[in-house]
Amino acid sequence: MEDDSTWLQAQARLERLIRDLPPETRLPSYRQLQQRYRLSPATVQRLLADMGRHGLLVTRPGSGTFTAPRRPPRRPADLSWQTLALGSRAGLGPDLERLVDPLPPDSIGLASGFPDERLQPLGLLAAAASRAARRPHGWSRLPPQGLPELRSFLAAEVADGQLTDQNVLIASGGQAALSAVFRHLCSPGDPVIVESPTYVGALATARAAGLVLVPVPGDAHGVLPDALADAFARTGSRVAYLQPRYANPHGSVLAAERREPVLAAAARARAFLLEDDWMRDFDLGAPTLPPLISADDDGHVIYLRSVSKPIAAGLRVSGLVARGPVLARLRRGRISDDLFVAPMLQQIALDVLTAPGWPRHLATVRRLLRERRDALATAIAELLTGCQLELLPGGGMHLWVRLPEGSSDADVTEAAAARGVAVTPGRASFPGEPPASYLRLSYAGEEPPALRQAVRTLAEVIVG
Ligand SMILES: Cc1ncc(COP(=O)(O)O)c(C=O)c1O
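Everything quoted here is computed from the prediction, not taken from an experiment.

Parameters and conventions
- Residues numbered from 1 in each chain as written.
- Predicted model: local features only at pLDDT ≥ 70, side-chain atom pairs only at ≥ 80, totals over all residues.
- Pairing = 2+ DSSP bridges.
- Helix = DSSP H or I, 4+ residues; strand = E, 2+ residues; numbered from the N terminus.
- Contact = placed C-beta atoms within 7 Å.
- Axes fitted to C-alpha atoms, helices over the stretch in contact; angles between N-to-C directions.
- Near = placed C-beta within 6 Å.
- Nonpolar A, V, L, I, M, F, W, Y, C, P; charged D, E, K, R; others polar.
- Buried ≥ 20, exposed ≤ 12 C-beta atoms within 10 Å, placed from the backbone.
- Expected span 1.5 Å × (residues − 1).
- Arc of directions from axis to C-beta.
- Parallel < 35°, antiparallel > 145°, perpendicular 65-115°, else oblique.
- Left-handed = near helix turned anticlockwise from the far one by under 90°.

Colleague: In this structure, what is going on with the sheet that holds strand 10 (residues 301-306)? I would like to understand it.
Modeller: On the basis of which strands lie adjacent, the open sheet formed by eight strands has the order 4-11-10-9-8-5-6-7 and mixed pairing. The sheet is open, and its two borders are formed by strand 4 (168-171) and strand 7 (222-223), each paired with just one other strand. As paired elements, strand 9 (residues 272-276) and strand 10 share four bridges and run parallel to each other. Residue pairing across strands places Leu273 opposite Val301, the latter belonging to strand 10. Sitting on the sheet, helix 9 (residues 200-208) touches strand 5 (191-196), strand 6 (212-219) and strand 8 (239-242), and the angle it makes with strand 5 is about 165°. Helix 10 (residues 225-235) contacts strand 5, strand 6, strand 7 and strand 8 of the sheet and is inclined by roughly 160° relative to strand 6.

Colleague: How do you make sense of the site of the ligand when you look at a structure like this?
Modeller: With respect to spatial proximity, 14 residues lie near the ligand, and among them Gly113, Gly173, Gly174, Ser306 and Ser308 are the closest. Looking at the shell around the ligand residue by residue, the class counts come to three nonpolar, 10 polar and one charged.

Colleague: Please explain unusual backbone geometry as it appears in this structure.
Modeller: In most cases, non-glycine residues show a negative phi, while peptide bonds are predominantly trans. Pro197 follows Ser196 through a cis peptide bond whose omega is 0°. Geometrically, the link from Asn248 to Pro249 is a cis peptide bond, its omega value of 20° lying close to zero. The residue Pro249 is located in the loop between strand 8 and helix 11 (256-269) in this model. Its identity is not glycine, yet Glu24 carries a phi of approximately 60°, on the positive side. On the basis of neighbour count, Glu24 is assigned to the exposed category, with 12 C-beta atoms found within 10 Å. Unusually for a residue other than glycine, Arg38 sits at a positive phi of about 50°. Within the secondary structure layout, Arg38 lies in the loop between helix 2 (30-37) and helix 3 (41-53).

Colleague: What is the right way to read helix 3 from this model?
Modeller: For an α-helix the count is 3.6 residues per turn, leaving residues at separations of three or four pointing the same way. With 13 residues, helix 3 should cover 18 Å at 1.5 Å per step; its first-to-last C-alpha distance of 18 Å lies within 8% of that length. Just downstream of helix 3, Gly55 is the residue with a positive phi angle, here 80°.

Colleague: Would you take a moment to explain helix 10 for this structure?
Modeller: Pro225, Leu228, Ala231 and Phe232 are the residues of helix 10 that are buried. Projection of helix 10 onto a plane perpendicular to its axis shows the buried side chains occupying an angular sector of 125°, all on one side. Turned more than 90 degrees away from the buried face of helix 10, the exposed residues are Asp226, Ala233 and Arg234. Turning to helix 10, the residues buried within the fold contact strand 5, strand 6, strand 7, strand 8 and helix 11.

Colleague: Help me out: how do you make sense of the packing of helix 15 (residues 409-418) against helix 16 (residues 448-463) in this one?
Modeller: When two helices pack together, their arrangement is captured by the angle between the axes and the distance separating the axes. One can describe the packing of helix 15 onto helix 16 by two numbers: an axis separation of 10 Å at closest approach and a directional angle of 130°. As judged from the angle between their axes, helix 15 and helix 16 are oblique. As for the relative orientation of helix 15 and helix 16, their crossing is right-handed in sense. Contacts between helix 15 and helix 16 involve Val412, Ala415 and Ala416 on the former and, on the latter, Thr457, Leu458, Val461 and Ile462. Looking at the contact of helix 15 with helix 16 residue by residue, the class counts come to six nonpolar, one polar and no charged.

The analysis is restricted to geometry; functional conclusions fall outside its scope.
What follows is the structure, given as C-alpha coordinates:
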(Lines give C-alpha, C1' and ligand atoms only; values in the text may rest on other atoms or scores of the structure.)
Protein backbone atom coordinates (compact mmCIF):
# COMPACT_ATOMS: atom_id res chain seq x y z
CA MET A 1 0.00 0.00 0.00
CA GLU A 2 1.51 3.32 -1.04
CA ASP A 3 1.69 6.08 1.55
CA ASP A 4 0.23 9.57 1.02
CA SER A 5 3.37 11.06 -0.49
CA THR A 6 3.76 8.17 -2.99
CA TRP A 7 0.13 8.63 -3.94
CA LEU A 8 0.50 12.38 -4.43
CA GLN A 9 3.70 12.00 -6.46
CA ALA A 10 2.12 9.32 -8.65
CA GLN A 11 -0.96 11.46 -9.10
CA ALA A 12 1.17 14.43 -10.17
CA ARG A 13 3.16 12.36 -12.66
CA LEU A 14 0.05 10.75 -14.13
CA GLU A 15 -1.61 14.15 -14.43
CA ARG A 16 1.46 15.46 -16.23
CA LEU A 17 1.30 12.52 -18.62
CA ILE A 18 -2.36 13.13 -19.31
CA ARG A 19 -1.91 16.87 -19.78
CA ASP A 20 0.94 16.24 -22.25
CA LEU A 21 -1.11 13.84 -24.34
CA PRO A 22 -3.25 15.36 -27.10
CA PRO A 23 -7.05 15.25 -26.51
CA GLU A 24 -8.85 12.01 -27.26
CA THR A 25 -5.62 9.92 -27.06
CA ARG A 26 -5.81 6.41 -25.72
CA LEU A 27 -3.99 5.92 -22.41
CA PRO A 28 -1.44 3.13 -21.94
CA SER A 29 -2.98 0.01 -20.44
CA TYR A 30 -3.48 -0.29 -16.66
CA ARG A 31 -0.66 -2.82 -16.53
CA GLN A 32 1.77 -0.47 -18.32
CA LEU A 33 0.84 2.36 -15.97
CA GLN A 34 1.36 0.10 -12.92
CA GLN A 35 4.80 -0.86 -14.14
CA ARG A 36 5.82 2.60 -15.24
CA TYR A 37 4.84 4.28 -11.94
CA ARG A 38 5.37 1.28 -9.64
CA LEU A 39 1.83 1.39 -8.34
CA SER A 40 -0.65 -1.25 -7.27
CA PRO A 41 -3.58 -2.02 -9.59
CA ALA A 42 -6.03 -0.58 -7.01
CA THR A 43 -4.08 2.71 -6.84
CA VAL A 44 -4.00 3.10 -10.62
CA GLN A 45 -7.72 2.44 -10.73
CA ARG A 46 -8.41 5.01 -7.99
CA LEU A 47 -6.20 7.63 -9.65
CA LEU A 48 -7.84 7.22 -13.03
CA ALA A 49 -11.34 7.20 -11.50
CA ASP A 50 -10.46 10.43 -9.68
CA MET A 51 -9.27 12.09 -12.89
CA GLY A 52 -12.38 10.85 -14.66
CA ARG A 53 -14.51 12.62 -12.02
CA HIS A 54 -12.56 15.81 -12.69
CA GLY A 55 -13.30 15.56 -16.41
CA LEU A 56 -9.73 14.82 -17.49
CA LEU A 57 -10.44 11.30 -18.79
CA VAL A 58 -13.28 9.47 -20.47
CA THR A 59 -13.75 5.72 -20.58
CA ARG A 60 -15.13 4.16 -23.75
CA PRO A 61 -16.33 0.63 -22.93
CA GLY A 62 -14.52 -1.92 -25.04
CA SER A 63 -11.96 0.61 -26.38
CA GLY A 64 -10.08 1.86 -23.28
CA THR A 65 -9.50 5.08 -21.40
CA PHE A 66 -8.87 8.31 -23.36
CA THR A 67 -7.88 11.86 -22.55
CA ALA A 68 -10.96 14.07 -22.62
CA PRO A 69 -11.88 15.87 -25.85
CA ARG A 70 -10.92 19.54 -25.87
CA ARG A 71 -13.83 21.73 -24.89
CA PRO A 72 -14.34 24.97 -26.78
CA PRO A 73 -13.18 27.81 -24.49
CA ARG A 74 -16.07 28.99 -22.29
CA ARG A 75 -17.26 32.46 -23.09
CA PRO A 76 -17.77 34.75 -20.10
CA ALA A 77 -21.29 34.34 -18.68
CA ASP A 78 -23.84 36.93 -19.83
CA LEU A 79 -25.96 37.68 -16.77
CA SER A 80 -27.24 41.00 -18.04
CA TRP A 81 -30.71 39.54 -18.75
CA GLN A 82 -31.25 39.26 -14.97
CA THR A 83 -31.33 43.04 -14.56
CA LEU A 84 -34.48 43.20 -16.65
CA ALA A 85 -36.01 40.05 -15.18
CA LEU A 86 -35.49 41.21 -11.58
CA GLY A 87 -36.58 44.83 -11.91
CA SER A 88 -36.18 46.67 -8.61
CA ARG A 89 -37.53 45.83 -5.18
CA ALA A 90 -38.01 48.44 -2.47
CA GLY A 91 -36.70 47.65 0.99
CA LEU A 92 -33.92 45.30 0.00
CA GLY A 93 -31.09 47.82 0.17
CA PRO A 94 -27.74 47.74 1.96
CA ASP A 95 -29.20 48.89 5.30
CA LEU A 96 -30.56 45.42 5.77
CA GLU A 97 -27.22 43.76 5.10
CA ARG A 98 -25.55 45.99 7.67
CA LEU A 99 -27.76 44.27 10.28
CA VAL A 100 -26.23 40.87 9.76
CA ASP A 101 -23.02 41.15 7.73
CA PRO A 102 -19.98 40.01 9.72
CA LEU A 103 -17.53 42.66 10.88
CA PRO A 104 -14.26 43.04 8.98
CA PRO A 105 -11.53 41.28 10.96
CA ASP A 106 -9.83 43.39 13.66
CA SER A 107 -12.45 46.13 13.62
CA ILE A 108 -14.32 47.42 16.64
CA GLY A 109 -18.04 46.78 16.23
CA LEU A 110 -20.51 49.39 17.43
CA ALA A 111 -22.98 48.47 14.70
CA SER A 112 -24.05 45.10 16.06
CA GLY A 113 -27.69 44.45 16.83
CA PHE A 114 -26.88 41.41 18.97
CA PRO A 115 -25.00 40.80 22.21
CA ASP A 116 -21.63 39.18 21.53
CA GLU A 117 -20.64 35.67 22.56
CA ARG A 118 -19.32 36.83 25.93
CA LEU A 119 -22.93 37.67 26.83
CA GLN A 120 -24.48 34.46 25.54
CA PRO A 121 -25.52 31.62 27.87
CA LEU A 122 -23.22 29.18 26.09
CA GLY A 123 -23.26 26.59 28.91
CA LEU A 124 -27.05 26.59 29.15
CA LEU A 125 -27.31 26.42 25.37
CA ALA A 126 -24.92 23.46 25.10
CA ALA A 127 -26.80 21.53 27.79
CA ALA A 128 -30.18 22.38 26.24
CA ALA A 129 -29.01 21.40 22.76
CA SER A 130 -27.68 18.07 23.93
CA ARG A 131 -30.94 17.31 25.79
CA ALA A 132 -32.99 18.36 22.76
CA ALA A 133 -30.94 16.10 20.48
CA ARG A 134 -31.71 13.09 22.68
CA ARG A 135 -35.48 13.65 22.75
CA PRO A 136 -37.37 11.05 20.74
CA HIS A 137 -39.56 13.61 18.92
CA GLY A 138 -36.81 16.13 18.12
CA TRP A 139 -37.19 15.69 14.40
CA SER A 140 -40.94 15.16 14.22
CA ARG A 141 -43.61 17.60 13.25
CA LEU A 142 -45.19 19.78 15.89
CA PRO A 143 -48.46 21.66 15.73
CA PRO A 144 -47.61 24.39 13.18
CA GLN A 145 -48.26 27.11 15.75
CA GLY A 146 -45.37 25.72 17.81
CA LEU A 147 -44.31 23.67 20.83
CA PRO A 148 -47.24 23.79 23.30
CA GLU A 149 -45.01 24.15 26.38
CA LEU A 150 -43.07 27.04 24.84
CA ARG A 151 -46.34 28.73 23.87
CA SER A 152 -47.68 28.33 27.43
CA PHE A 153 -44.47 29.77 28.82
CA LEU A 154 -44.61 32.83 26.55
CA ALA A 155 -48.31 33.40 27.27
CA ALA A 156 -47.69 33.35 31.02
CA GLU A 157 -44.68 35.63 30.68
CA VAL A 158 -46.74 38.25 28.84
CA ALA A 159 -49.98 38.23 30.81
CA ASP A 160 -50.22 35.46 33.36
CA GLY A 161 -53.75 34.15 33.81
CA GLN A 162 -55.17 36.18 30.91
CA LEU A 163 -53.59 34.34 27.99
CA THR A 164 -52.84 30.69 27.21
CA ASP A 165 -50.84 28.67 24.70
CA GLN A 166 -53.81 29.15 22.33
CA ASN A 167 -52.88 32.82 22.06
CA VAL A 168 -49.32 32.19 20.90
CA LEU A 169 -47.79 31.42 17.53
CA ILE A 170 -44.09 30.57 17.23
CA ALA A 171 -42.13 32.11 14.35
CA SER A 172 -38.50 31.88 13.32
CA GLY A 173 -37.14 35.04 14.92
CA GLY A 174 -38.55 38.53 15.26
CA GLN A 175 -37.79 39.50 11.69
CA ALA A 176 -39.84 36.65 10.21
CA ALA A 177 -42.69 37.51 12.59
CA LEU A 178 -42.69 41.18 11.52
CA SER A 179 -42.65 40.11 7.90
CA ALA A 180 -45.56 37.70 8.49
CA VAL A 181 -47.69 40.40 10.11
CA PHE A 182 -47.02 42.93 7.35
CA ARG A 183 -47.62 40.45 4.52
CA HIS A 184 -50.55 38.49 5.91
CA LEU A 185 -52.54 41.30 7.57
CA CYS A 186 -51.91 43.97 4.94
CA SER A 187 -51.99 44.09 1.15
CA PRO A 188 -49.54 45.88 -1.13
CA GLY A 189 -50.36 49.58 -1.19
CA ASP A 190 -51.85 49.62 2.35
CA PRO A 191 -50.61 52.30 4.74
CA VAL A 192 -48.71 51.10 7.81
CA ILE A 193 -47.91 53.49 10.66
CA VAL A 194 -44.36 53.49 12.00
CA GLU A 195 -42.56 55.63 14.56
CA SER A 196 -39.91 57.92 13.17
CA PRO A 197 -37.15 56.89 13.63
CA THR A 198 -37.62 53.15 14.03
CA TYR A 199 -36.04 49.73 13.45
CA VAL A 200 -34.44 49.49 10.01
CA GLY A 201 -35.52 45.86 9.57
CA ALA A 202 -39.19 46.74 10.16
CA LEU A 203 -39.00 49.48 7.53
CA ALA A 204 -37.31 47.10 5.10
CA THR A 205 -39.82 44.31 5.50
CA ALA A 206 -42.80 46.69 5.29
CA ARG A 207 -41.38 48.19 2.09
CA ALA A 208 -40.67 44.73 0.67
CA ALA A 209 -44.34 43.87 1.36
CA GLY A 210 -45.32 46.85 -0.79
CA LEU A 211 -46.75 48.87 2.12
CA VAL A 212 -46.80 52.66 2.29
CA LEU A 213 -44.96 53.91 5.37
CA VAL A 214 -46.77 56.53 7.45
CA PRO A 215 -44.29 58.08 9.91
CA VAL A 216 -45.47 59.45 13.26
CA PRO A 217 -43.19 61.41 15.56
CA GLY A 218 -42.24 60.53 19.10
CA ASP A 219 -40.00 61.93 21.82
CA ALA A 220 -38.07 60.61 24.80
CA HIS A 221 -41.40 59.28 26.20
CA GLY A 222 -42.40 57.29 23.14
CA VAL A 223 -44.83 57.84 20.33
CA LEU A 224 -47.07 60.94 20.53
CA PRO A 225 -50.62 59.57 21.05
CA ASP A 226 -52.34 62.49 19.29
CA ALA A 227 -50.10 62.10 16.25
CA LEU A 228 -50.83 58.37 16.23
CA ALA A 229 -54.61 58.98 16.42
CA ASP A 230 -54.33 61.55 13.66
CA ALA A 231 -52.34 59.16 11.43
CA PHE A 232 -54.98 56.43 11.89
CA ALA A 233 -57.79 58.88 11.06
CA ARG A 234 -56.01 60.43 8.10
CA THR A 235 -54.81 57.25 6.37
CA GLY A 236 -57.30 54.58 7.44
CA SER A 237 -54.30 52.41 8.38
CA ARG A 238 -55.13 49.17 10.17
CA VAL A 239 -51.66 48.47 11.60
CA ALA A 240 -49.19 50.57 13.59
CA TYR A 241 -45.74 49.19 14.46
CA LEU A 242 -44.50 50.34 17.90
CA GLN A 243 -41.61 49.53 20.23
CA PRO A 244 -42.80 50.69 23.66
CA ARG A 245 -39.66 49.44 25.48
CA TYR A 246 -36.22 50.89 24.67
CA ALA A 247 -37.09 51.57 21.05
CA ASN A 248 -34.45 50.86 18.45
CA PRO A 249 -32.63 53.16 17.63
CA HIS A 250 -33.06 55.87 20.31
CA GLY A 251 -34.05 53.94 23.42
CA SER A 252 -37.26 55.76 24.37
CA VAL A 253 -39.80 54.04 26.62
CA LEU A 254 -43.51 54.70 26.19
CA ALA A 255 -44.51 56.74 29.25
CA ALA A 256 -47.14 55.32 31.62
CA GLU A 257 -49.56 58.19 30.89
CA ARG A 258 -49.34 57.58 27.13
CA ARG A 259 -50.28 53.90 27.25
CA GLU A 260 -54.02 54.39 27.63
CA PRO A 261 -54.30 57.06 24.87
CA VAL A 262 -52.22 54.87 22.52
CA LEU A 263 -54.51 51.89 23.12
CA ALA A 264 -57.55 54.15 22.75
CA ALA A 265 -56.27 55.48 19.40
CA ALA A 266 -56.04 51.91 18.07
CA ALA A 267 -59.47 51.04 19.47
CA ARG A 268 -61.09 54.10 17.84
CA ALA A 269 -59.43 53.24 14.52
CA ARG A 270 -60.38 49.55 14.89
CA ALA A 271 -56.76 48.82 14.14
CA PHE A 272 -53.90 46.64 15.34
CA LEU A 273 -50.85 47.75 17.28
CA LEU A 274 -47.86 45.54 16.55
CA GLU A 275 -45.91 45.71 19.82
CA ASP A 276 -42.29 44.67 19.19
CA ASP A 277 -40.92 43.95 22.68
CA TRP A 278 -37.42 43.26 21.40
CA MET A 279 -35.76 44.48 24.65
CA ARG A 280 -38.04 42.72 27.09
CA ASP A 281 -35.11 41.25 29.03
CA PHE A 282 -32.87 44.30 29.03
CA ASP A 283 -33.92 46.65 31.82
CA LEU A 284 -30.53 47.75 33.08
CA GLY A 285 -31.89 49.62 36.08
CA ALA A 286 -35.43 50.14 37.33
CA PRO A 287 -37.92 47.72 35.78
CA THR A 288 -40.19 49.05 33.02
CA LEU A 289 -43.92 48.43 32.82
CA PRO A 290 -45.42 45.16 31.57
CA PRO A 291 -46.15 44.97 27.84
CA LEU A 292 -49.06 46.96 26.37
CA ILE A 293 -50.87 43.74 25.49
CA SER A 294 -51.43 43.10 29.20
CA ALA A 295 -53.67 46.21 29.28
CA ASP A 296 -55.58 45.38 26.09
CA ASP A 297 -58.77 43.32 26.40
CA ASP A 298 -60.11 43.58 22.87
CA GLY A 299 -57.38 42.08 20.74
CA HIS A 300 -55.87 45.29 19.34
CA VAL A 301 -52.31 44.43 20.34
CA ILE A 302 -50.27 41.82 18.51
CA TYR A 303 -47.29 41.25 20.74
CA LEU A 304 -43.89 40.06 19.50
CA ARG A 305 -41.08 38.66 21.60
CA SER A 306 -37.94 37.08 20.17
CA VAL A 307 -35.26 35.12 22.03
CA SER A 308 -32.46 36.05 19.64
CA LYS A 309 -31.28 39.03 21.71
CA PRO A 310 -31.31 37.54 25.21
CA ILE A 311 -30.15 34.04 24.22
CA ALA A 312 -28.27 34.04 20.89
CA ALA A 313 -28.69 35.50 17.42
CA GLY A 314 -28.61 32.01 15.94
CA LEU A 315 -31.58 30.77 17.96
CA ARG A 316 -34.23 31.78 15.44
CA VAL A 317 -37.31 31.54 17.66
CA SER A 318 -39.92 34.17 18.47
CA GLY A 319 -43.51 34.26 19.73
CA LEU A 320 -46.43 36.28 18.37
CA VAL A 321 -49.15 36.71 20.98
CA ALA A 322 -52.65 37.89 20.09
CA ARG A 323 -56.35 37.44 20.70
CA GLY A 324 -59.11 36.63 18.20
CA PRO A 325 -59.32 35.60 14.56
CA VAL A 326 -56.09 37.40 13.72
CA LEU A 327 -54.29 34.36 15.14
CA ALA A 328 -55.89 32.03 12.61
CA ARG A 329 -54.89 34.42 9.83
CA LEU A 330 -51.32 34.58 11.04
CA ARG A 331 -51.16 30.84 11.63
CA ARG A 332 -52.17 30.13 8.01
CA GLY A 333 -49.81 32.80 6.79
CA ARG A 334 -46.92 31.35 8.73
CA ILE A 335 -47.68 27.85 7.36
CA SER A 336 -47.57 29.32 3.85
CA ASP A 337 -44.21 30.93 4.67
CA ASP A 338 -42.21 28.00 6.01
CA LEU A 339 -44.62 25.41 7.47
CA PHE A 340 -43.19 25.49 11.00
CA VAL A 341 -40.11 26.32 13.06
CA ALA A 342 -37.55 23.55 13.73
CA PRO A 343 -38.80 21.69 16.86
CA MET A 344 -35.25 21.34 18.10
CA LEU A 345 -34.78 25.12 18.25
CA GLN A 346 -38.09 25.60 20.06
CA GLN A 347 -37.14 22.96 22.62
CA ILE A 348 -33.76 24.59 23.18
CA ALA A 349 -35.37 28.02 23.65
CA LEU A 350 -37.83 26.63 26.21
CA ASP A 351 -35.11 24.73 28.02
CA VAL A 352 -32.87 27.83 28.35
CA LEU A 353 -35.72 30.17 29.37
CA THR A 354 -36.81 27.76 32.12
CA ALA A 355 -33.32 26.68 33.27
CA PRO A 356 -32.54 27.33 36.96
CA GLY A 357 -29.41 29.22 35.81
CA TRP A 358 -31.28 31.58 33.46
CA PRO A 359 -32.12 34.36 35.96
CA ARG A 360 -28.50 34.40 37.15
CA HIS A 361 -27.24 34.61 33.57
CA LEU A 362 -29.60 37.50 32.80
CA ALA A 363 -28.49 39.36 35.91
CA THR A 364 -24.85 39.04 34.80
CA VAL A 365 -25.67 40.19 31.27
CA ARG A 366 -27.53 43.23 32.61
CA ARG A 367 -24.61 44.15 34.86
CA LEU A 368 -22.12 43.87 32.00
CA LEU A 369 -24.35 45.81 29.62
CA ARG A 370 -24.80 48.53 32.26
CA GLU A 371 -21.02 48.84 32.54
CA ARG A 372 -20.67 49.00 28.78
CA ARG A 373 -23.48 51.56 28.42
CA ASP A 374 -21.96 53.78 31.08
CA ALA A 375 -18.48 53.50 29.56
CA LEU A 376 -19.82 54.43 26.13
CA ALA A 377 -21.91 57.33 27.45
CA THR A 378 -18.96 58.66 29.44
CA ALA A 379 -16.65 58.44 26.44
CA ILE A 380 -19.20 60.26 24.27
CA ALA A 381 -19.60 63.04 26.84
CA GLU A 382 -15.84 63.44 27.25
CA LEU A 383 -14.60 62.98 23.71
CA LEU A 384 -17.33 63.76 21.20
CA THR A 385 -17.56 67.51 21.56
CA GLY A 386 -20.42 68.97 19.54
CA CYS A 387 -22.33 65.66 19.58
CA GLN A 388 -25.41 65.21 21.69
CA LEU A 389 -26.80 62.21 23.51
CA GLU A 390 -30.45 63.29 23.77
CA LEU A 391 -31.41 60.39 26.02
CA LEU A 392 -29.53 57.97 28.26
CA PRO A 393 -31.82 54.93 28.04
CA GLY A 394 -32.39 52.84 31.16
CA GLY A 395 -31.99 49.71 29.07
CA GLY A 396 -31.42 48.25 25.65
CA MET A 397 -28.20 48.04 23.70
CA HIS A 398 -27.81 51.28 21.73
CA LEU A 399 -27.07 54.96 22.19
CA TRP A 400 -28.39 57.43 19.64
CA VAL A 401 -26.01 60.28 19.07
CA ARG A 402 -26.83 63.49 17.24
CA LEU A 403 -23.91 64.72 15.14
CA PRO A 404 -22.88 68.36 14.98
CA GLU A 405 -24.61 70.56 12.39
CA GLY A 406 -23.07 69.97 8.98
CA SER A 407 -21.71 66.47 9.77
CA SER A 408 -22.99 63.68 7.55
CA ASP A 409 -23.76 60.33 9.20
CA ALA A 410 -22.89 58.51 5.97
CA ASP A 411 -19.50 60.24 5.69
CA VAL A 412 -18.69 59.65 9.35
CA THR A 413 -19.66 55.98 9.03
CA GLU A 414 -17.43 55.54 6.00
CA ALA A 415 -14.47 57.36 7.53
CA ALA A 416 -14.82 55.39 10.79
CA ALA A 417 -14.98 52.10 8.85
CA ALA A 418 -11.74 53.04 7.08
CA ARG A 419 -10.17 53.35 10.55
CA GLY A 420 -11.55 50.03 11.75
CA VAL A 421 -14.67 51.16 13.63
CA ALA A 422 -18.12 49.98 12.53
CA VAL A 423 -21.11 52.20 13.40
CA THR A 424 -24.63 52.53 12.02
CA PRO A 425 -25.66 55.70 10.19
CA GLY A 426 -28.96 57.05 11.51
CA ARG A 427 -30.58 57.94 8.20
CA ALA A 428 -31.73 54.38 7.47
CA SER A 429 -33.92 54.45 10.61
CA PHE A 430 -36.10 57.25 9.26
CA PRO A 431 -38.99 56.32 7.00
CA GLY A 432 -38.68 59.75 5.38
CA GLU A 433 -36.08 62.51 5.34
CA PRO A 434 -33.96 62.57 8.51
CA PRO A 435 -34.34 65.82 10.48
CA ALA A 436 -30.64 65.73 11.47
CA SER A 437 -27.61 63.46 11.28
CA TYR A 438 -27.41 60.68 13.88
CA LEU A 439 -25.29 57.64 14.59
CA ARG A 440 -26.51 54.55 16.36
CA LEU A 441 -23.76 53.24 18.60
CA SER A 442 -24.28 49.80 20.04
CA TYR A 443 -22.59 48.62 23.21
CA ALA A 444 -23.75 45.00 22.79
CA GLY A 445 -20.65 43.79 20.99
CA GLU A 446 -17.62 45.33 22.73
CA GLU A 447 -16.17 45.76 26.20
CA PRO A 448 -15.52 49.17 27.83
CA PRO A 449 -11.89 49.68 26.66
CA ALA A 450 -12.78 48.93 23.03
CA LEU A 451 -15.85 51.19 23.27
CA ARG A 452 -13.68 54.07 24.48
CA GLN A 453 -11.14 53.38 21.75
CA ALA A 454 -13.94 53.47 19.15
CA VAL A 455 -15.21 56.82 20.45
CA ARG A 456 -11.68 58.22 20.29
CA THR A 457 -11.57 57.24 16.61
CA LEU A 458 -14.99 58.80 16.05
CA ALA A 459 -13.79 61.99 17.67
CA GLU A 460 -10.88 62.14 15.22
CA VAL A 461 -13.30 61.63 12.36
CA ILE A 462 -16.01 64.04 13.51
CA VAL A 463 -14.13 66.73 15.31
CA GLY A 464 -11.09 66.49 13.03
C1 LIG B 1 -36.37 46.31 17.14
C2 LIG B 1 -36.05 44.98 16.55
N3 LIG B 1 -37.03 44.12 16.30
C4 LIG B 1 -36.80 42.92 15.76
C5 LIG B 1 -35.52 42.52 15.43
C6 LIG B 1 -35.33 41.19 14.80
O7 LIG B 1 -34.47 40.37 15.48
P8 LIG B 1 -34.56 38.77 15.39
O9 LIG B 1 -35.11 38.43 14.03
O10 LIG B 1 -33.17 38.32 15.58
O11 LIG B 1 -35.48 38.34 16.47
C12 LIG B 1 -34.45 43.38 15.68
C13 LIG B 1 -33.06 43.01 15.33
O14 LIG B 1 -32.13 43.74 15.45
C15 LIG B 1 -34.72 44.64 16.25
O16 LIG B 1 -33.72 45.51 16.51
